[in-house]
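An overview of the molecular structure
Chain by chain, the residues run as shown.
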Amino acid sequence: MLLPFVALSVLLSITPAFALWPLPRQITTGSTALRLSSGFDIKLSVKNAPKDLRDAVTRTRSFLRNDKLEALVIDRGASSAGAIKAAKSLRSLTVSLVSSGPVKSISDEAVAPLEARVEGYSLTIPADGSEAVLQANSTLGLFRGLTTFSQLWYELGRDTYTLEAPINIVDSPAYPYRGFMLDTARNYFPVDDIKRTLDAMSWVKINTLHWHVVDSQSFPLVVPGFKELSDKGAYNAESIYTPSAVKEIVDYAAARGIDVLAEIDTPGHTSIIVKSFPEHIACPEAAPWTKYANEPPAGQLRLASAATTNFTASLLTSAAGLFRSSYFSTGGDEINANCYAEDEQTQADLAAQGKTVNQALDTFTKVCHDALKKVGKTAVVWEEMLLQHPVNLANDTLILVWISSNNAAEVAQKGFKIIHASNEYFYLDCGGGGWVGQNVLGNSWCDPFKTWQKAYSFNPLAGLTEDQHHLVIGGQQLLWTEQSSPTNLDNVVWPRAASSAEVFWSGAGGNVGTALPRLHDLAYRMKKRGIRAIDLQPEWCALRPGKCDLAA
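Computed from a predicted structure; not experimentally measured.

Re helix α10 (residues 306-320)
Taking 1.5 Å of rise per residue, 15 residues should cover 21 Å, and α10 covers 21 Å from first to last C-alpha, within 8% of that figure. When we look at burial in α10, the residues that qualify are Thr-308, Thr-309, Phe-311, Thr-312, Ala-313, Leu-315, Leu-316, Ser-318, Ala-319 and Ala-320. Looking at the buried side of α10, the elements it contacts are α7 (227-233), β11 (300-301), β12 (327-331) and α13 (357-374). At the N-terminal end of α10, a side-chain oxygen is found 3.3 Å from the backbone nitrogen of Ala-307, two or three residues along, and the residue is Ser-305.

Here it is, written out as structure tokens:
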């Protein structure tokens, strides 16, 4: 059940501003100091506990020892030294499952279909030093609770403490899908950068990496049976993701409660395929590119060709086999009409079949999606496939709404499930200036810069009737990487991407004024853990909540 919008807004505005992000959906706190004892330990009371749960406990112990985050107040907590020294000591946190039956790993639960994932937990921390208790019905829920527990504590001298015991939390996500999209085709990102990003995602309970792995510019994914694509389409021999590298990423993500939703965009955004299979690409690198594509280089799959359709279906199913997810995206955005209108082969195929481009697209999509369904994958597409083209999509297809958040209403009217990905709120690349050459006054197409406050203000249910609310399964922030690379990945993404993480975990209606101190805490904690998060304000402001507000 979603908490009512108004009630959640009140909850988010009155809760004390300690370092929890996303904010739990039910939480009560006190005003008593409590320390972790020098011998504090996490006791895992789970029979046959899977390795990824044991590893999560180990990482949590490490965070408690090594975060050493001082309170973001002017004296960094020194004025509370007396209360901290006199405080009771918490000796242990016991972690246990409430449900009976076979114990599944975090990894297995993380890649289950969205409706089957159980992420809720309860956490009780008494003020008197008696045992703290974390309980859940799943190992995935226990992992979410450990994440919360690790954020509760500050450091002063040698003491790790909170000033807000007792703490009682009952928590579960408002929406099952909470994502971050990374494009690795415009620029390549090594495996270690992706893994570091997955770590940070897990700390804010993001549960899906939407991996836009290939595009017109490069094809770094090594697909079994289609190795020519990466051999000739990657930027260089090192800038590839081999099946073993993909498995490393997928396993690393799953152990951190994250599903990897891969995307191979079709039929557009496929120019790079011409390097290895030229017979399948219309208008390859045609000029001027502005006539044939949204960005260079131009080139689209010859969707009216039976050979190209079968090639694409085989490519997609082979690539899908690299991923554990129940979902796979076939894209479907920004299909250029001029490309097909001027491609002789496509026009000949259309004439021979007596079809229009949209009718050919319908056949192409059905063949590809049916092939994915046979290997156990549910299709995910960009909104144009539903709203701009008369394509018959299966009812379980997930729709990424990106052109305008207002379009969610039309998607809902058609009865499809919605993943919010609005450029107006969630595109992290916007506002970086124009990247196209010979364009002195150019700006990014989606100006202005999308601040964390803009993303945080998003209401996933806006424009929908109450009986359509269930169609919203969540949302994500996105990074298209025309102007991003490993050198600036962290500070472009963090902590801004955490804003949508809270919207889709805690629900809409949060107050940006009370959220900002918590987001400062998160950013400072991320830096302690090796993430190069950007500063949201001068430190003077971070240490004085509210003093840098517009009306202060």
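Considerations on the state of the cysteines
All chains considered together, the criterion is met by 3 disulfides. Disulfide partner of Cys-541: Cys-548, at an S-S distance of 2.1 Å. As the torsion about the S-S bond is roughly -75 degrees, the Cys-541-Cys-548 disulfide counts as left-handed. Accessibility expressed as a relative area gives 9% for Cys-541, which makes it buried.

Details of the packing of helix α2 (residues 51-66) against helix α5 (residues 139-150)
As a packed pair, α2 and α5 sit with axes 10 Å apart at the nearest point and diverge in direction by 5 degrees. Considering their axes alone, α2 and α5 lie roughly parallel with respect to each other. Mapping the contact onto sequence places Leu-53, Ala-56, Val-57, Arg-59, Thr-60, Phe-63 and Leu-64 in α2 and Thr-139, Leu-142, Phe-143, Leu-146, Phe-149 and Ser-150 in α5. Classifying every residue of the contact of α2 with α5 gives 9 nonpolar, 3 polar and 1 charged.

Here's the deal with the pairing of strand β14 (residues 398-401)
Going residue by residue along β14, you find Leu-398 and Leu-400 tucked away on one face and Ile-399 and Val-401 tucked away on the opposite face as well. Examined bridge by bridge, strand β13 (residues 378-382) and β14 share 3 bridges and lie parallel to one another. Across the sheet, the residue bridging to Val-381 is Ile-399, located in β14. Across 4 bridges, the pairing between β14 and strand β15 (residues 417-420) is parallel. Among the inter-strand pairings, Leu-400 is bridged to a residue of β15, identified as Ile-419. Tracing the backbone out of β14, into helix α15 (residues 408-413) and back to the parallel element β15 gives a crossover that is right-handed.

Description of unusual backbone geometry
Leaving glycine out, the prevailing phi sign among residues is negative, and the prevailing peptide bond configuration is trans. With omega at -10 degrees, the peptide bond leading from Thr-266 into Pro-267 counts as cis. Turning to its location among the elements, Pro-267 is positioned in the loop between β9 (259-263) and β10 (281-282). Cis peptide bonds are those with omega within 30 degrees of zero, and the linkage from Trp-494 to Pro-495 qualifies with 5 degrees. With respect to the element layout, Pro-495 can be found in the loop between α18 (489-493) and α19 (497-506). Despite not being glycine, Lys-68 shows a phi value in the positive range, around 50 degrees. Position of Lys-68 relative to the elements: it lies in the loop between α2 and α3 (81-85). Within the chain, Glu-334 stands out as a residue other than glycine whose phi angle is a positive 50 degrees. Mapping Glu-334 onto the fold places it in the loop between β12 and α11 (337-341). Accessibility expressed as a relative area gives 22% for Glu-334, which makes it partly exposed.

Parameters and conventions
- Residues numbered from 1 in each chain as written.
- Predicted model: local features only at pLDDT ≥ 70, side-chain atom pairs only at ≥ 80, totals over all residues.
- Heavy atoms only, no water.
- Helix = DSSP H or I, 4+ residues; strand = E, 2+ residues; numbered from the N terminus.
- Expected span 1.5 Å × (residues − 1).
- Buried < 20%, exposed > 50% of the residue type's maximum accessible area, 1.4 Å probe, protein only.
- Contact = heavy atoms within 4.5 Å.
- Polar contact = N/O pair within 3.5 Å; in protein donor to acceptor, adjacent residues only side chain to side chain.
- Disulfide = S-S within 2.5 Å.
- Axes fitted to C-alpha atoms, helices over the stretch in contact; angles between N-to-C directions.
- Parallel < 35°, antiparallel > 145°, perpendicular 65-115°, else oblique.
- Nonpolar A, V, L, I, M, F, W, Y, C, P; charged D, E, K, R; others polar.
- Pairing = 2+ DSSP bridges.
- Right-handed = clockwise from strand over helix to strand, strands pointing away.

By themselves, these figures tell us nothing about what the structure is for.
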